[in-house]
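So the chains spell out like this:
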Amino acid sequence: MFQQIQLPYGFDALEPHIDALTMETHFTKHHSAYTKNLNDAADKAGVADKPIEFLLGSLDTIADEGLRKAIRNNGGGFYNHNLYFGTVSADGGGEPQGAFRTVLDQHFGGFAAFQEEISRLAMGQFGSGWAWLSANKERKLALSASPNQDNPLMEGRGFVPILGIDVWEHAYYLKYKNLRADYVKAFFHVIDWKTVATNFDKVINA
Ligand code: MN
């Protein structure tokens, strides 16, 4: 049974950057629905016992086209939102520190350059989707964007997302309306860089 992460904060914890109603709707309606629909589809496909990372990396082994599509969309939605809600915090923002910061600086030439590049990808994603910071076992970082609930696990190149910016309108429209750029800027005030660094360590030590 796939389960939503338990939030270690209240829905209003990210105010004023991400408003409480958006957080509550996003978690209790959108993320909840992806999770339920994933569980239904995974049961029918006989893959409910598989880790989600494995499922998303081997979608082409699901023979039934309808179930494959359901697991791609809802499994992606389940995984992506567990990452999203798990890497934000009321104590977030600022810039990463320590060994992960060194890797980030080496790769992007500084935090400002990193922020500019991932923000550009988030803004450039036409319609619904995500912008990603991913890592692989060789300590390499990569930026990318995906439509819908797709993510780098589905690309099969060994990159695992360690931070995702949700740019579906449901992530920002109640507060920011059409101003996606303002939401992306605000999101940087709530990123929990300690957790992102932990995600990086898990990838390189896997
Ligand atoms: Mn979302």
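Residues numbered from 1 in each chain as written. Predicted model: local features only at pLDDT ≥ 70, side-chain atom pairs only at ≥ 80, totals over all residues. Heavy atoms only, no water.

**Student:** Describe the overall build of the protein chain, and please don't skip the residues or the numbers.
**Tutor:** Each helix and strand counted, the protein chain has eight helices and three strands in total. Helices (α) and strands (β) of the protein chain occur, in sequence order from the N terminus, as α-α-α-α-α-β-β-β-α-α-α. The principal-axis extents of the C-alpha atoms in the protein chain amount to approximately 45 × 40 × 30 Å. Looking at the 206 residues of the protein chain, the share that counts as buried comes to 50%. In the structure as shown, the protein chain presents an accessible area of about 10,000 Å², 51% of it carried by carbon and sulfur atoms. (Helix = DSSP H or I, 4+ residues; strand = E, 2+ residues; numbered from the N terminus. Buried < 20%, exposed > 50% of the residue type's maximum accessible area, 1.4 Å probe, protein only. Areas by Shrake-Rupley, 256 points an atom, 1.4 Å probe, with all protein chains shown as cover.)

**Student:** Explain the pattern of salt bridges to me, using residue names and the numbers behind them.
**Tutor:** Inspection of the entire model under this criterion finds seven salt bridges. Two residues, Asp150 and Arg72, come together in a salt bridge whose shortest N-O distance is 2.9 Å. Of this pair, Asp150 sits in the loop between β2 (141–147) and β3 (160–166) while Arg72 sits in helix α3 (residues 65–86), and the two are 78 residues apart along the sequence. Given a relative accessible area of 36%, Arg72 falls into the partly exposed group. Here Asp105 ties to Arg101 by a salt bridge, and the two come within 2.9 Å at their closest N and O atoms. Taken together, the positions of Asp105 and Arg101, both in helix α4 (residues 98–108) and four residues apart, correspond to about one turn of that helix. The exposure class of Asp105 is partly exposed, given its relative accessible area of 27%. The exposure class of Arg101 is buried, given its relative accessible area of 18%. Shared partners join several salt bridges into a network, and the residues in it are Glu95, Arg101 and Asp105. (Salt bridge = Lys/Arg side-chain N within 4 Å of Asp/Glu carboxyl O.)

**Student:** Kindly report on the nonpolar core, identifying the contributing residues and their values.
**Tutor:** Formed by 45 residues in total, the largest nonpolar core has its most connected members in Phe100, Phe114, Leu133, Leu141, Tyr183 and Phe187. The contacts of Phe114, once residues within four sequence positions are left out, are Leu104, Phe108, Leu133, Leu143, Leu163, Phe188 and Trp193. In terms of nonpolar packing, the next biggest core, distinct from the first, is built from 16 residues, Val47, Leu55, Leu67 and Phe78 among them. (Core = buried A, V, L, I, M, F, W, Y, C linked by side-chain atoms within 4.5 Å. Contact = heavy atoms within 4.5 Å.)

**Student:** Which residues make up the sheet that holds strand β1 (residues 129–135), and what are the values?
**Tutor:** With respect to topology, three strands assemble into an open sheet ordered β2-β1-β3, the strand pairing being antiparallel. For this open sheet the edge positions go to β2 and β3, each flanked by a neighbour on one side alone. Strand-to-strand twist in this sheet, taken as the mean axis angle between neighbours without regard to direction, amounts to 25°. Two strands pair when backbone bridges link them, and β1 and β2 are joined in this way by seven bridges, in the antiparallel orientation. Bridged to Ala135 within β2 is Leu141. Set on the sheet, α4 makes contact with β1, β2 and β3; between it and β2 the angle comes to about 75°. (Pairing = 2+ DSSP bridges. Axes fitted to C-alpha atoms, helices over the stretch in contact; angles between N-to-C directions.)

**Student:** Talk me through the environment of Ala113; I want residue IDs and the actual numbers.
**Tutor:** Looking at the element boundaries, Ala113 is found in helix α5 (residues 111–124). Placed 25 residues apart in sequence, Ala113 and Val88 show a C-alpha to C-alpha distance of 21 Å.

**Student:** Could you give an account of the coordination of the manganese ion, with specific residues and numbers?
**Tutor:** The coordination sphere of the manganese ion contains the protein donors His26 (NE2), His81 (NE2), Asp166 (OD) and His170 (NE2), at a distance range of 1.9 to 2.1 Å. The exposure class of His26 is buried, given its relative accessible area of 1%. (Donors = N, O, S within 2.8 Å, 3.2 Å for Na, K, Ca; no water.)

**Student:** Residue-level account of the domain arrangement of the protein chain, with values.
**Tutor:** We note that the domain assignment places domain 1 (20–86) and domain 2 (98–205) within the protein chain. Taking only C-alpha atoms into account, the centre of domain 1 sits 20 Å from that of domain 2. Contact residues are listed per partner, giving 19 residues for domain 1 and 23 residues for domain 2. With both sides pooled, the region where domain 1 packs onto domain 2 buries about 1,600 Å², and carbon together with sulfur makes up 59% of that total. In this assembly, domain 1 and domain 2 are joined by one salt bridge. Between the two partners, domain 1 and domain 2, sit nine residue pairs in polar contact (both at pLDDT 80 or more). Secondary structure elements with two or more residues in the side of domain 1 that touches domain 2: α1 (20–45), α2 (52–57) and α3. Across the side of domain 1 that touches domain 2, the residue classes break down as seven nonpolar, ten polar and two charged. (Domains from an automatic or database assignment. Buried area = accessible area lost by both parts, 1.4 Å probe. Polar contact = N/O pair within 3.5 Å; in protein donor to acceptor, adjacent residues only side chain to side chain. Nonpolar A, V, L, I, M, F, W, Y, C, P; charged D, E, K, R; others polar.)

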